[in-house]
Structure formats: structure tokens, C-alpha cells
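Each chain, letter by letter, is given below.
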Amino acid sequence: MLPSRLIFVDGLPGSGKSTTAQRLSLHLRRQGYPARWIFEHENQHPLFVESAVRALREQQPNAAPALFDRALTGYAMLTDRMSAVPPETLLLEGTLFQTAVGSQLLLDHSQADIETFFDRTLKTVAALNPALIHLAPADPVAALHRTAETRGSWFPDFVLQHLRATPLGQRLAITDWSGAVALLTKHRALCDALFERFPGPKIAVDPSIGDWNQINAAITSFLQLPPLIEPPPAADLAQVAGAYRAEGTDDTWEFVVNADGLALAGPPLTRLWARPEGGFEIEGLAIELDFELDATGRGVAVHCAPRINELPLHWLRV
């Protein structure tokens, strides 16, 4: 295993940051390495709380201008804590480029200021021997259009609404998706330059090649790990498949079994990854699920442990 206690996983929206960081966290734990994945949008994010980042980017009245100073303090506290506990690998998704660089760019900070914060961040966490996985499509414009097509019309609408409210978005007078893509491409070019500036172990991977085996081999080889091979689905998954309703609401989750294992019915169909410790994680989301079984082994309830926006904690089989 690469002797890095901190692994940054970053890239453009839709490049696969969440899924990559999540699967690496599970893979590390299966290999016997304690690991923790910090989801970009976690409510209790140790560095950048999403609501505070959004408020500052959009210059809302309640925005906290000292956000970046507090992030450096958070990095220092994180480094101290990790130095005082048994070895653990922390996977920080979307923090270095997406949140920090993206926020400073949208606030119209100079490149010199962005580089200064970047350098200060890496100096603060130097004791953790940080590594960087940069998910960098060869054609970022085509990749962004694919993401918009895959995610649906809500995605470009959401991005446009957000960018228009930021200082840079207002200065550039962004009015359509093409303008948003141009701005995001500018962000990508800046991140490429900072990638070259990164002092530790690093790898740039093109996720648009669409070959997971090739991507998997490149990343695991970089981390000095065996290739990531998913364990076969458990034989008794049909026992927990079915519909479950959140207590006190009409919200319903339906779980189905397919060739890959257990999935949350959609659209889209979302895979559940088996956790080495037991239970499951929803693909790309910081939500852990544990099924409660009756005496026959049939699922009767789901216990939910979310680290994102509040979700009901207990779901009963319908």
C-alpha cells in the first residue's frame, strides 16, 4: 500500500469522484487497511460544509468570509487527529479541486491567490504524505455534455442557476449551458496546472475511456494494491428484496436483485455495495443500510445511517 494517509480524489462533475472514492474505501477495508471516505456533500464535513460553501459562492447575507481560513484550521486538526490514532487512510473526495479551487474561481479570486491556498493546504497536511487521483477526461467539454445528458435536464438547470449567482458568473454574464461549460472548462484547466504543482504521488486517469478494468488497474497499481475485485453477491439477497416504507411517511424504497447483487429501484437503478463490516452502502452516496431479519432470515426492516441531508432512519417492510 502506498504510504499515504490522505488520498485526494478529484475531477469535474460527473467524472466519477464519489463512486471511485467509495469503492476504494471498501477495497482498502477488504484488504485489511482501516479507511474512511469523506463524501463531498456530507453534513458534518470536517473542512467545507456544503451550505456554507454555497452561501459564500453566491454572496448570501449569512455567508462566512473566513471559510478558507477555517478550512486550513480543519486540515491542521485533521492531521493532528490522524497522527494520534492507529493508521487510517482518509479518502477526501472533491475537496481539493472541486470545492476549494472551484469556490475561489467562482469568487473571482486571482490565480496567484488560488495557488497560495493550494500550497498552504498541502503544507498543512504534509505529515500525512498526501496522494492525488485526478479524474481527467481527455475531452472535458464532451464529458460535461455527457454528464448533462445522463443526469437529465435538472443538472444543467441547477448548475446554471448556481453559477449565475456567483461573482465570476455575473461578471461573465453566463446565460446558457454553453457558457457554463466554458467556465467549467476554465476550472479544469486551472486544476490541470495545479495537478502539475502537486508535490506528492499523483495519477491522472481518463474516466471517459469507459473501461472500468483499465481504470481499476491504473488506480490500484498506483496505490500499490491488488486489483479491485468485487466479492460475489450473497446467495440470500432475495430474502431482503422488496418494498420498505419510512416510518410515519409515505416514502418507499424498493430493493431488487440483479446479476450484480442488490440494487435500489429507480430510475435510475442504484447499486448497493456490500460493506466488509456487514450491511451495504448506496453507490455514490454516503448512506449505510443494515437489514433487520426475522427468524426465517427474511428482511423486515432497514436501518439507515445517512451522512447527507436528513433521511428517515427506520424503514419497515411493506
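Refer to the preceding data block for the structure.
Residues numbered from 1 in each chain as written. Predicted model: local features only at pLDDT ≥ 70, side-chain atom pairs only at ≥ 80, totals over all residues. Heavy atoms only, no water.

1. Considering the overall build of the chain
Secondary structure summary: the chain contains 10 helices and 13 strands in total. For the chain, whose C-alpha radius of gyration is 20 Å, the value lies close to the compact-globule estimate of 20 Å for 318 residues. Across the 318 residues of the chain, 47% fall into the buried class. Across the chain, contacts joining residues at least 24 apart in sequence account for 64% of those joining residues at least 6 apart. Of the roughly 14,800 Å² of accessible surface on the chain, 54% is carried by carbon and sulfur atoms. Averaged over its 26 positive side-chain charges, the chain has a centre that lies 4 Å from the centre of its 36 negative ones. (Helix = DSSP H or I, 4+ residues; strand = E, 2+ residues; numbered from the N terminus. Rg over C-alpha atoms; globule rule 2.2 N^0.38 Å. Buried < 20%, exposed > 50% of the residue type's maximum accessible area, 1.4 Å probe, protein only. Contact = heavy atoms within 4.5 Å. Areas by Shrake-Rupley, 256 points an atom, 1.4 Å probe, with all protein chains shown as cover. Lys, Arg positive; Asp, Glu negative; His and termini not counted. Charge placed at Lys NZ, Arg CZ, Asp CG, Glu CD.)

2. Here's the deal with the pairing of strand β3 (residues 89-93)
Buried residues dominate β3, accounting for five of its five residues. Residues Thr89, Leu91 and Glu93 line one face of β3 and the alternating positions Leu90 and Leu92 line the opposite face, and both faces are buried. Of the pairings in the sheet, the one linking strand β1 (residues 6-11) to β3 comprises four bridges and is parallel in character. Across the sheet, Leu6 pairs through a bridge with Leu90, a residue of β3. Looking at chain direction, strand β2 (residues 35-38) and β3 are connected through four bridges and run parallel. (Pairing = 2+ DSSP bridges.)

3. Notes on the sheet that holds strand β12 (residues 299-306)
Within the closed barrel, the eight strands sit side by side as β6-β7-β8-β9-β10-β11-β12-β13. Their pairing is antiparallel. Across the sheet, the mean angle from the axis of one strand to that of its neighbour is 30°, orientation sign disregarded. Relative to strand β11 (residues 287-293), strand β10 (residues 280-282) is paired through two bridges, and the arrangement is antiparallel. Across the sheet, the residue bridging to Phe280 is Leu289, located in β11. Contacts from helix α1 (residues 17-30) reach β9 (270-274) and β10, with the element oriented near 20° to β9. (Axes fitted to C-alpha atoms, helices over the stretch in contact; angles between N-to-C directions.)

4. Looking at the packing of helix α4 (residues 95-106) against helix α5 (residues 111-124)
Between α4 and α5, whose axes approach to 10 Å, the crossing angle comes to 150°. With respect to each other, α4 and α5 are oriented roughly antiparallel. The way α4 lies across α5 gives a crossing that is right-handed. Every residue of α5 that contacts α4 at Leu96, Phe97, Ala100, Val101, Gln104 and Leu105 is listed here: Asp113, Ile114, Phe117, Phe118 and Thr121. Here the residues of the contact of α4 with α5 are counted per class, giving eight nonpolar, two polar and one charged. (Parallel < 35°, antiparallel > 145°, perpendicular 65-115°, else oblique. Left-handed = near helix turned anticlockwise from the far one by under 90°. Nonpolar A, V, L, I, M, F, W, Y, C, P; charged D, E, K, R; others polar.)

5. Structural notes on helix α7 (residues 154-164)
Looking only at α7, the buried set comprises Phe155, Pro156, Val159, Leu160, His162 and Leu163. The buried residues of α7 occupy an angular sector of 165° when projected down its axis, which confines them to one face. Packing partners of the buried residues in α7 comprise α2 (50-57), α4, α6 (140-151), α8 (167-172) and α9 (177-197). (Arc of directions from axis to C-beta.)

6. Section: unusual backbone geometry
Note: most residues except glycine have negative phi, and most peptide bonds are trans. Look at the link from Gly266 to Pro267: it is a cis peptide, with omega at 10°. Relative to the assigned elements, Pro267 resides in the loop between β8 (261-264) and β9. Here the bond from Pro267 into Pro268 is cis, since omega is -10°, no more than 30 degrees from zero. Locating Pro268 in the fold gives a position in the loop between β8 and β9. With phi around 55°, Gln59 is a residue other than glycine that occupies positive phi space. The backbone phi angle of Ala173 is positive, close to 55°, even though this residue is not glycine. Secondary-structure assignment places Ala173 in the loop between α8 and α9. For Ala173, a relative accessible area of 53% puts it in the exposed group.

7. Structural notes on the environment of Asp206
Assignment of secondary structure puts Asp206 in the loop between β5 (202-205) and α10 (212-222). Each C-alpha atom, one on Asp206 and one on Arg151, is 20 Å from the other, the two residues being 55 residues apart in sequence. Every residue in contact with Asp206, bar those within four places of it in the chain, is listed here: Ala136, Pro137, Ala138 and Ile215. Of note is the side chain of Asp206, whose polar atom sits 3.4 Å from the backbone nitrogen of Ala138. Within the structure, the side chain of Asp206 is placed 2.4 Å from the side chain of Ser208, a separation counted as a polar contact. (Polar contact = N/O pair within 3.5 Å; in protein donor to acceptor, adjacent residues only side chain to side chain.)

8. Some words on the pattern of salt bridges
Summed over all chains, the structure comprises 14 salt bridges. Across the salt bridge formed by Glu230 and Arg30, the nearest N and O atoms sit 3.3 Å from each other. With Glu230 in the loop between α10 and β6 (242-246) and Arg30 in helix α1, the pair connects residues that are 200 residues apart, well separated along the chain. In this structure, Arg197 engages Glu115 in a salt bridge whose closest nitrogen and oxygen atoms are separated by 3.7 Å. Residue Arg197 is found in helix α9, and its partner Glu115 is found in helix α5; the two are separated by 82 residues along the sequence. Since its relative accessible area comes to 39%, Arg197 is described here as partly exposed. Among the charged side chains, a network of salt bridges with common partners joins Arg29, Arg275, Glu277, Glu281 and Glu288. (Salt bridge = Lys/Arg side-chain N within 4 Å of Asp/Glu carboxyl O.)

What is shown is where atoms sit, not what they do.
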